[in-house]
Amino acid sequence: MQPPKTGTSPTSTGGTVGNHEQGGSPEGYKRGLGSRQIQMIAIGGTIGTGLFLGAGTAISQAGPSLILWYAVAGLVLFFVMRALGELLTHRPVSGSFAEYAREFLGPFWGYATAWTYWIMWVTTGMAEITAAGTYMKYWFPKVEQWQTALVALVVLLFVNMISVKAFGELEFWFALIKVVAIVGMILIGLAVLVIGFGDVGKTASVTHLWQDGGVAPNGWHDSLMTLQIVLFAYLGVELIGVTAGEAEDPKKNIPRAINSLPLRFGLFYIGTLLVILSVVSWAEFHPGVSPFVAAFAKIGIPAAAGVVNFIVLTSALSSCNAGGLYSTARMLRTASVNGHAPKALSRLTGRGVPALALWVSAVTMGIGVLINALDPEHAFAYITSVSTGGAILVWSIILVTHMRYRRAVAVGRADASPYRMPGAPYTNWLALLFFAVVTVIIAWSSDTRIALYVMAVWVALLVLGWAVLRKRTVS
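So, here's what we can say about the structure. Since the model is a prediction, treat every value here as computed from it, not as a measurement.

**Points about the overall build of the chain**
Thought 1: When helices and strands are counted, the chain shows 20 helices and 0 strands.
Thought 2: A total of 475 residues make up the chain; the buried ones form 59% of that total.

**Overview of helix α15 (residues 291-299)**
Thought 1: Every buried residue belonging to α15 is among Pro291, Phe292, Ala294, Ala295, Phe296 and Ile299, and all of these are buried.
Thought 2: Remark: Gly300 follows α15 within two positions and exhibits a positive phi of approximately 95 degrees.

**A look at the nonpolar core**
Thought 1: Counting 147 residues, the largest nonpolar core has Tyr70, Leu77, Trp115, Tyr117, Leu231, Trp395 and Phe435 as the members making the most contacts within it.
Thought 2: In this structure Trp395 touches Leu77, Val80, Leu231, Tyr234, Leu235, Val237, Glu238 and Phe435, once residues within four positions along its chain are discounted.

**Here we look at a nonpolar patch on the surface**
Thought 1: A cluster of nonpolar residues, Val183, Leu187, Leu190, Val194, Ile195, Phe197 and Leu267, forms a patch on the protein surface that exposes about 650 Å² of accessible area.
Thought 2: Per-element accounting of the nonpolar patch gives the leading share, 5 residues, to helix α8 (residues 164-195).
Thought 3: Mapped onto the secondary structure, Ile195 falls in helix α8.
Thought 4: On the accessibility criterion, Ile195 (65% relative accessible area) is exposed.

**Focus: the environment of Ile188**
Thought 1: By the element assignment, Ile188 lies in helix α8.
Thought 2: The partly exposed category is assigned to Ile188, whose relative accessible area is 27%.
Thought 3: Sequence spacing of Ile188 and Gly198 is 10 residues, and the spatial spacing of their C-alpha atoms is 9.3 Å.

**Concerning the packing of aromatic side chains**
Thought 1: Throughout the structure, instances matching the rule amount to 18 aromatic pairs.
Thought 2: An angle of 90 degrees between the planes, with centres 6.2 Å apart, marks the rings of Trp69 and Trp220 as edge-to-face. Of this pair, Trp69 sits in helix α4 (residues 66-90) while Trp220 sits in helix α10 (residues 220-224), and the two are 151 residues apart along the sequence.
Thought 3: Given the relative accessible area of 13%, Trp69 is considered buried.
Thought 4: Among the aromatic residues, those joined into a cluster by ring pairs are Tyr70, Tyr234, Phe265 and Tyr269.
Thought 5: The residue whose ring lies beneath Arg82 is Tyr419, and the NZ or CZ to ring-centre distance is 4.3 Å.

**Quick notes on the packing of α4 against helix α19 (residues 426-444)**
Thought 1: The contact between α4 and α19 brings their axes to 10 Å, and the two run at 130 degrees. Taken together, the axes of α4 and α19 are oblique relative to one another. As α4 packs across α19, the resulting crossing turns out to be left-handed. Mapping the contact onto sequence places Val72, Ala73, Val76, Leu77, Phe79 and Val80 in α4 and Thr427, Ala431, Phe434 and Phe435 in α19.
Thought 2: In terms of residue class, the contact of α4 with α19 is made up of 9 nonpolar, 1 polar and no charged.

**Quick word on the packing of helix α7 (residues 145-162) against helix α16 (residues 304-337)**
Thought 1: The interhelical angle for the contact between α7 and α16, taken along N-to-C directions, is 55 degrees, at an axis separation of 10 Å. Regarding the angle of α7 to α16, the classification is oblique. The handedness of the crossing between α7 and α16 is right-handed. Here Ala152, Leu156, Leu157 and Asn160 of α7 lie close against α16, whose contacting residues are Leu317, Cys320, Asn321, Leu325 and Tyr326.
Thought 2: Partitioning the contact of α7 with α16 into residue classes produces 7 nonpolar, 2 polar and no charged.

Cut-offs used in this document
The numbers attached to residues start from 1 for each chain and follow its sequence in the written order. Local features in a predicted model are, by the rule used here, given only for residues with pLDDT of at least 70; side-chain atom pairs are given and counted only at 80 or more, and totals for whole chains, interfaces and linings are based on all residues. Only hydrogens and water are removed before side-chain values are computed, so all heavy atoms of the structure are retained for them. Under the DSSP-based scheme used, a helix requires at least four consecutive residues in state H or I and a strand at least two consecutive residues in state E, with every element numbered from the N terminus. Relative accessibility thresholds used throughout: buried, under 20% of the residue-type maximum; exposed, over 50%; partly exposed, between the two (1.4 Å probe, protein chains only). We define the nonpolar core as a collection of buried residues of types Ala, Val, Leu, Ile, Met, Phe, Trp, Tyr and Cys that are connected through side-chain atoms lying within 4.5 Å of one another. Contacts: residue pairs with any heavy atoms within 4.5 Å of one another. A patch consists of residues whose relative accessible area exceeds 30% and which take part in no salt bridge; residues with like charges are grouped when within 9 Å of each other, and nonpolar side chains (Val, Leu, Ile, Met, Phe, Trp, Tyr) when within 5 Å. Using the Shrake-Rupley algorithm and a 1.4 Å probe, accessible areas are obtained, with residue cover drawn only from the displayed protein chains. What counts as a salt bridge is simple: a side-chain nitrogen of Lys or Arg found within 4 Å of a carboxyl oxygen of Asp or Glu. Only Phe, Tyr and Trp rings are paired, with Trp represented by its six-membered ring, and only when their centres lie within 6.5 Å; those with planes under 30 degrees apart are stacked, over 60 edge-to-face, the remainder tilted. When the NZ atom of lysine or the CZ atom of arginine is within 6 Å of a ring's centre and also within 35 degrees of its normal, the charge is said to sit over that ring. Interaxial angles span 0 to 180 degrees and are taken between N-to-C directions of axes, which are lines fitted to C-alpha atoms, for helices over the stretch in contact. When an angle is under 35 degrees it counts as roughly parallel; over 145 it counts as roughly antiparallel; between 65 and 115 it counts as roughly perpendicular; any other value is oblique. For a crossing to be left-handed, the near helix must be turned anticlockwise from the far one by less than a right angle; the clockwise case is right-handed. For this classification, the nonpolar set comprises Ala, Val, Leu, Ile, Met, Phe, Trp, Tyr, Cys and Pro, the charged set comprises Asp, Glu, Lys and Arg, and every other residue, Gly included, is treated as polar.

The following block contains the structure:
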């Protein structure tokens with residue numbers, strides 16, 4: 001391994017990036033992601049399995065009050081993304097928040113952020129690729145789950161190996177399917193409410209939001225305990241930051257994508273839940289069952305289960321594509337470039353693809369298919385809680401890094417960005433307080449407490465790994 005770097009990287013100055021924005025980035029990547037793909041990656045990053053499947057458990061526990069928690073979490077994540085957006089427009093790099101943490105917090109934090117983000121998404125990818133195999137059994141019941149999961153992983157790896165443009169195009173269509181599906185579901189739900197369409201046309205009413213036991217029918221304590229599930233649903237919103245080094249005109253396209261977040265959160269999460277919980281009472285939803293499948297079965301739409309299964313399959317593949325492979329490979333290469341991982345992982349192909357880093361992430365995810373099969377009953381809860389714990393750590397580092405960046409601007413050590421985080425540093429502290437509350441909630445529940453044990457072990461491994469790197473540097 002190379003020794004850890006202690007200074008700024010060759011790309012640390014604001015002027016360097018501008019010279020590469022058309023043909024390539026300073027890190028050697030190709031800027032092959034256009035505005036159309038960036039927008040869809042940003043949209044796709046906010047629609048995942050957490051919404052399509054996890055919401056069923058959350059609804060049965062929180063009732064209509066779940067809508068409030070999605071709104072609160074969406075506001076907090078918007079602040080996180082505005083903070084990241086200010087850093088990205090200051091200096092667009094593919095290493096994103098890991099590189100900014102190294103620059104403004106110190107080498108250890110860059111190292112810790114890159115590896116934490118890598119393990120977070122590899123863990124999530126393990127769940128998603130296994131889920132994809134499960135969804136495929138709907139159409140191919142005689143095929144083993146691990147076989148379809150492996151085929152899906154190999155296909156996604158092949159596409160990512162071609163070029164960033166191929167990845168972006170595949171992710172564009174994945175995201176488009178999810179967007180069309182969500183909008184279609186909302187329109188059908190509105191038709192049920194307005195003109196009485198379907199089998200539940202006579203009973204559907206917005207009064208379901210408060211009359212069936214109240215807004216929080218199981219009490220506000222049980223409602224609050226769903227915040228971990230809510231945050232997991234937003235996992236991936238930060239993916240737009242990883243694309244900065246390969247996006248065309250990032251100083252224009254990235255702010256545009258971030259500014260549209262409130263609209264997307266409002267439509268895809270708040271709007272969807274408002275409609276579904278008005279069409280069907282919250283009491284009709286059960287843990288482990290997609291609320292979309294349940295709602296459309298009640299409406300009486302033919303082949304609803306098959307359609308929703310296809311959408312959820314697309315969502316899982318999208319998560320594996322963008323988070324499990326694309327972003328983990330870039331973070332792994334960032335760690336390598338900074339001397340925090342084997343040097344071979346920093347190599348790029350002629351098309352600007354970190355091939356070896358991609359293979360390492362894919363093989364690790366493949367091992368996860370076997371691990372996930374050992375305890376399928378609790379695997380999803382374990383993995384989502386661990387992933388959420390990692391996400392909270394990464395999002396918190398983004399907020400703290402942004403505050404240190406602002407201090408650097410104030411003393412003239414960094415250039416100011418024209419795209420600024422509103423209300424900083426107060427909004428930074430409010431978001432950090434929210435993440436602290438969610439961490440306490442994770443510790444409170446026996447089903448999710450394992451995440452803190454895993455994160456404690458992970459932090460210990462990070463510190464040990466850093467000590468080994470420092471010792472090699474001295475020797």
